[in-house]
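As a plain string of letters, each chain reads:
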Amino acid sequence: MDFLSNVEKVFFERQTNKKISTRIPYIRVDNFPKLGLLTSLRFLEWVDTNPDGVISLPTGKTPEHFIKWTQFFLENWKDPKSEAFRKENGLIIDRKPDLRGLHFVQIDEFFPIDPSQHNSFFYYVNKYYLDGFGFDPNKALLINSDGIELYQGQKYKEVFPDMTIDLSLRYREAGSNIESKQQDSIFKIDNWCNEYEDKIRDKGGIGFFLGGIGPDGHIAFNIKGSDHHSITRLTPTNFPTQAVAAGDLGGIKVAKNRHVITIGLETITYNPDSLAIIFAAGDAKAQVVKNALEKEPNVLYPATCLHKLKNARFYLTQGAAVSLEDSIDFYYENGKWTEEKKERAVIDMLIKLDKYGHHITMDDIVNDKYVSKIPDVSEKTVQEVIDSVKHKIKRGITRKTNTVFYHTGPHHDDIQLAIMPRIVHDMRDSSNKFDFTVMTSGFTAVTNEFVYDILKKTLDFVNEGKIQMIYYPDFFFRGFKLKYDKDVNHFLNKIASDDIMGQKRALAHRIIRIISEIYGVKSIAELVGKINELIAEIAGSYDGEKNSADIQKFKGMIREFEEELVWGHYGIKTENIHHLRLGFYKGDTFTESPETNRDVIPVLDQLRKIQPDIISVAFDPEGSGPDTHYKVLQAIAEAIRLWSLEKDLNELRIIGYRNVWYRFHPAEANVFVPVSLNKMAELDSSFSTCYLTQVDAPFPSYELDGKFSTLAQKIWVKQREVIQLVLGKDYFYQNENQRIRGTHGFIFYKEMKTDEFLSHARELQNTMEGAI
């Protein structure tokens, strides 16, 4: 590995698996912060020998620890501990790098977008790189929407009043005066992009490129299918990219209508000596990483354009590297053959062969690269896996009795999308008790458009005299705090009667209670005035803007009402549905870590009060889902640990679930819950009628342009297909058990004892945070 730098060699030597057979070298690290540490040290190492070099650095959440580590080193360069730590990790330079000589190139930007908005990349690079790292702004090439000349010097809001761009005007005749303006402007933007490209090439091209990789494999905004010879350009994006961008732009409607200006793939590879680094974290990126590193160059895999660069690198966490052939080989060639490893090998063989378990022959077994390695392997081995899967299903249909459940979700809808059929099954026994807790406010999932519309409708109801409760003399003093369960019952009754207007009126009741609680209005006149103020504030906000604390709370309380509606279907009272609003969740670019007093003690207090027998938690590996999932998991794990110091928790069980963000391999899970068509319909109905802010999927998964309930159903069905390969079709339609005969999907989860759960949580904490 002589081609590796000193920093890279140190990190490479720490890898247990040193085999690299991919088309681009890669380095694995244990956790997300170490990914940032490695990239930071390599960046500073490169700058030391290229003080006047041309660099491009990424935006978004992935660079969080790269930015933090770089700032830490620059601010503490002479500190002895910092110096020792740098040298320990391979950065053997004494002189502090001077970043003022670097030429910064912005990678991409939404277009059009106000550059002063906090969700513009122009704002991001100015805040974190030009200001944060001390780059010279006079040497920076930036993409500023306000600085791009359009028709007769007009602003983009004049030329593109609806903020959409029709790129077909490049090739067809304009059909109106506004289209003529837009066509002229598009050509001017194209010229600006060509000039931007020329400026980069005049500097010799990019010498240091650091970028992430998107769900479709994109680097910069060069989406799947991009020409490997592409240059800087104005271009549309695809749905997976839009879904990821929806969180920045304030919803998928905005993201679908927003184009981007991006440097091209050839812009990145123009300098043959460029150090081009792609970094990726989490199992969710594993397949796109595999494609980029193992496939031949192909426009379907944008990052394969980097194969031509001798200095191209991938920096990966263990999860992001998990699907590489090198990783799979190492997994099966080392360590003990546990039951989980054996099951994984056999099930993966069945999937690869598309063959039922009872049809597997010894030829299949001996010809499989991994199954053949199982000690004393035979056809009996496959039968053992079949028996294990049946046992997991048996656990999934066994109903609990006299059990106290404490179901937790990082966000509203997480519990429902993960294990709702299991919960409903357990609810059929009246001896069981249930509490539901949503850990965060969830306000970022509510669009300004939704809030604006419901405020206008609520105002209409008030002005029309259709909200009777506000006329009671004590309503604005104490009455607004009462009858929360009545709001839920009112809304659900209107669902039952298919009364859409009645549902809107029921929602208006809760909206008025929320306004009364947050703003303390004392009369109908004050209420009307406040609603008008809120309408004006929302109308004056841009999509994706970080709202004021009161608006955040307002949005969060709407989501809380939605959660109450879902479990109200089954008679759960609002007093058993808890909204903790943990303080680390603030809607910032980089989410804070949980703190004991602020985020752990509230959970511990609930555990003490509820005394649950079973706790459910979102259990994403390596933070593959939203980072809120991981941080909530840590808060719950610490609360359970503290509780274990007060009480014997040997009988406590923890259900680790996953939903639309990541899935269990069947070998990982130990409980399979059958899902009927009825339960699928139940999920979709309650999701669609109760999660009002989500029914139009404003912040969808990149996997589906639609509701999360639809995606959850697709996942359950796909999981059944895998189990059917193991057990065969006959197992289902000829089964003596009615529930099995009616099974058309499966939920997988992992049930753990306290010690096992805390062990996994500590391992995950080390994976995410244990950088030093």
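Residues numbered from 1 in each chain as written. Predicted model: local features only at pLDDT ≥ 70, side-chain atom pairs only at ≥ 80, totals over all residues. Heavy atoms only, no water.

**Things to note about the overall build of the chain**
- Helix and strand content of the chain: 28 helices and 16 strands.
- Computed over the C-alpha atoms, the radius of gyration of the chain is 28 Å, within 12% of the 28 Å expected from 2.2 N^0.38 for a compact globule of 772 residues.
- Reported as C-alpha extents along the three principal axes, the dimensions of the chain are approximately 80 × 75 × 60 Å.
- Evaluated residue by residue, the chain yields a buried proportion of 58% over its 772 residues.
- For the chain, the exposed surface amounts to about 31,700 Å²; the carbon and sulfur share of it is 48%. (Helix = DSSP H or I, 4+ residues; strand = E, 2+ residues; numbered from the N terminus. Rg over C-alpha atoms; globule rule 2.2 N^0.38 Å. Buried < 20%, exposed > 50% of the residue type's maximum accessible area, 1.4 Å probe, protein only. Areas by Shrake-Rupley, 256 points an atom, 1.4 Å probe, with all protein chains shown as cover.)

**A short note on the packing of helix α22 (residues 596-610) against helix α23 (residues 627-644)**
- Between α22 and α23, the shortest axis-to-axis distance is 8 Å and the interhelical angle comes to 55 degrees. In terms of axis orientation, α22 runs oblique to α23. Considering how the two elements wind past one another, α22 and α23 form a crossing that is right-handed. In this structure, α22 uses Asp599, Val600, Val603, Leu604, Leu607 and Arg608 to contact α23, whose residues at the interface are Ala635, Ile636, Glu638, Ala639, Ile640, Leu642 and Trp643.
- In terms of residue class, the contact of α22 with α23 is made up of ten nonpolar, no polar and three charged. (Axes fitted to C-alpha atoms, helices over the stretch in contact; angles between N-to-C directions. Parallel < 35°, antiparallel > 145°, perpendicular 65-115°, else oblique. Left-handed = near helix turned anticlockwise from the far one by under 90°. Contact = heavy atoms within 4.5 Å. Nonpolar A, V, L, I, M, F, W, Y, C, P; charged D, E, K, R; others polar.)

**Brief notes about the side chain of Thr304**
- Along the chain, the position of Thr304 falls in the loop between α11 (286-294) and β9 (313-317).
- The class of Thr304 is buried, set by a relative accessible area of 1%.
- Within polar-contact distance, the side chain of Thr304 engages the backbone oxygen of Tyr301 at 2.5 Å.
- The residues contacting Thr304, other than those within four sequence positions of it, are His228, Asn291, Ala292, Lys295, Glu296, Pro297 and Asn298. (Polar contact = N/O pair within 3.5 Å; in protein donor to acceptor, adjacent residues only side chain to side chain.)

**Here we look at unusual backbone geometry**
- Looking along the chain, the bond that leaves Phe111 and enters Pro112 is cis, with omega of -5 degrees.
- Mapped onto the fold, Pro112 is located in the loop between β4 (108-111) and α5 (121-131).
- Of note, the phi angle at Gln611 is positive, near 55 degrees, even though the residue is not glycine.
- Relative to the assigned elements, Gln611 resides in the loop between α22 and β13 (614-618).

**A word on the layout of surface pockets**
- Within this model, the second largest pocket holds a volume of roughly 1,100 Å³.
- Lining the second largest pocket are 44 residues, and of these Lys253, Thr447, Glu449, Phe450 and Asp453 sit closest to its centre.
- Of the residues forming the lining of the second largest pocket, the biggest block, seven residues, is contributed by helix α17 (residues 448-463).
- Counted by class, the lining of the second largest pocket contains 18 nonpolar, 15 polar and eleven charged residues. (1 Å grid on protein atoms, 1.4 Å probe; cavity = no way out; pocket = protein on both sides within 12 Å on 5 of 7 lines; lining within 4 Å. Points joined across faces, edges and corners; volume = space filled by probe spheres on them.)

**Let's talk about the packing of α17 against helix α20 (residues 524-539)**
- It is the contact of α17 with α20, at a shortest axis distance of 10 Å, that shows an interaxial angle of 155 degrees. Compared by their axis directions, α17 and α20 come out roughly antiparallel. In this structure, the crossing between α17 and α20 has a hand that is left-handed. Across the interface between the two elements, Asn448, Val451, Tyr452, Leu455, Lys456, Thr458, Leu459, Val462 and Asn463 from α17 touch Ile524, Leu527, Val528, Ile531, Asn532, Leu534, Ile535, Ile538 and Ala539 from α20.

**Some words on the sheet that holds strand β7 (residues 259-262)**
- Taking strand neighbours across the sheet as the criterion, the three strands line up as β4-β7-β6 in an open arrangement whose pairing is antiparallel. Both edges of this open sheet fall to β4 and β6 (233-235), since each of them pairs with a single strand only. Recorded for the sheet is a direction-independent mean angle of 25 degrees between the axes of neighbouring strands. (Pairing = 2+ DSSP bridges.)

**Brief notes about helix α16 (residues 414-427)**
- Over its 14 residues, α16 extends 18 Å from the first C-alpha to the last, a length consistent with the 20 Å expected when each residue adds 1.5 Å.
- Bending of α16 peaks at approximately 75 degrees at the position of Met420, with proline Pro421 no more than four residues after it.
- When you tally the buried positions in α16, you get 14 out of 14 residues, the bulk of the element. (Expected span 1.5 Å × (residues − 1). Bend = angle between axes of the 7 residues up to and from the residue.)

**Concerning the packing of aromatic side chains**
- Summed over the entire model, instances satisfying the criterion amount to 39 aromatic pairs.
- Clustering of aromatic rings is evident, with ring pairs tying together Phe43, Trp46, Phe66, Phe104, Tyr124, Tyr128, Tyr129, Phe133, Phe135, Phe208 and Phe590.
- In this arrangement the basic side chain of Arg14 is found over the ring face of Phe11, its NZ or CZ atom lying 5.0 Å from the centre.
- Its guanidinium or amino end placed over the ring of Trp337, Lys341 lies 5.3 Å from that ring's centre, counting from NZ or CZ. (Phe/Tyr/Trp six-rings, centres within 6.5 Å; stacked < 30°, edge-to-face > 60°. Lys NZ or Arg CZ within 6 Å of the ring centre and 35° of its normal.)

**Some details on the pattern of salt bridges**
- Taken as a whole, this structure holds 53 salt bridges when the rule is applied.
- Here Asp413 ties to Arg559 by a salt bridge, and the two come within 3.6 Å at their closest N and O atoms. Linking Asp413 in the loop between β10 (404-409) and α16 with Arg559 in helix α21 (residues 549-568), this pair joins segments that are 146 residues apart in sequence. Per residue, the accessibility class of Asp413 equals that of Arg559, and both read buried.
- With its nearest N and O atoms 3.6 Å apart, the salt bridge here joins Arg658 to Glu668. One end of the pair, Arg658, is in the loop between β14 (653-657) and β15 (671-675); the other, Glu668, is in the loop between β14 and β15, with ten residues separating them in the sequence.
- Each of Glu8, Arg42, Glu45 and Arg313 takes part in a single network of salt bridges with overlapping partners. (Salt bridge = Lys/Arg side-chain N within 4 Å of Asp/Glu carboxyl O.)

**With respect to the pairing of β9**
- The element β9 is largely enclosed, with a buried count of five among its five residues.
- On β9, burial covers both faces: Arg313, Tyr315 and Thr317 on one face and Phe314 and Leu316 on the other are all buried.
- Direction of pairing for strand β1 (residues 26-29) relative to β9: parallel, over a ladder of four bridges. Counterpart to Tyr26 in the pairing with β9 is Phe314.
- Pairing between strand β8 (residues 275-280) and β9: four bridges, direction parallel. Across the sheet, Ile277 pairs through a bridge with Arg313, a residue of β9.
- With α11 bridging β8 and its parallel neighbour β9, the resulting β-α-β unit is right-handed. (Right-handed = clockwise from strand over helix to strand, strands pointing away.)

Any functional reading would require information that these geometric values do not contain.
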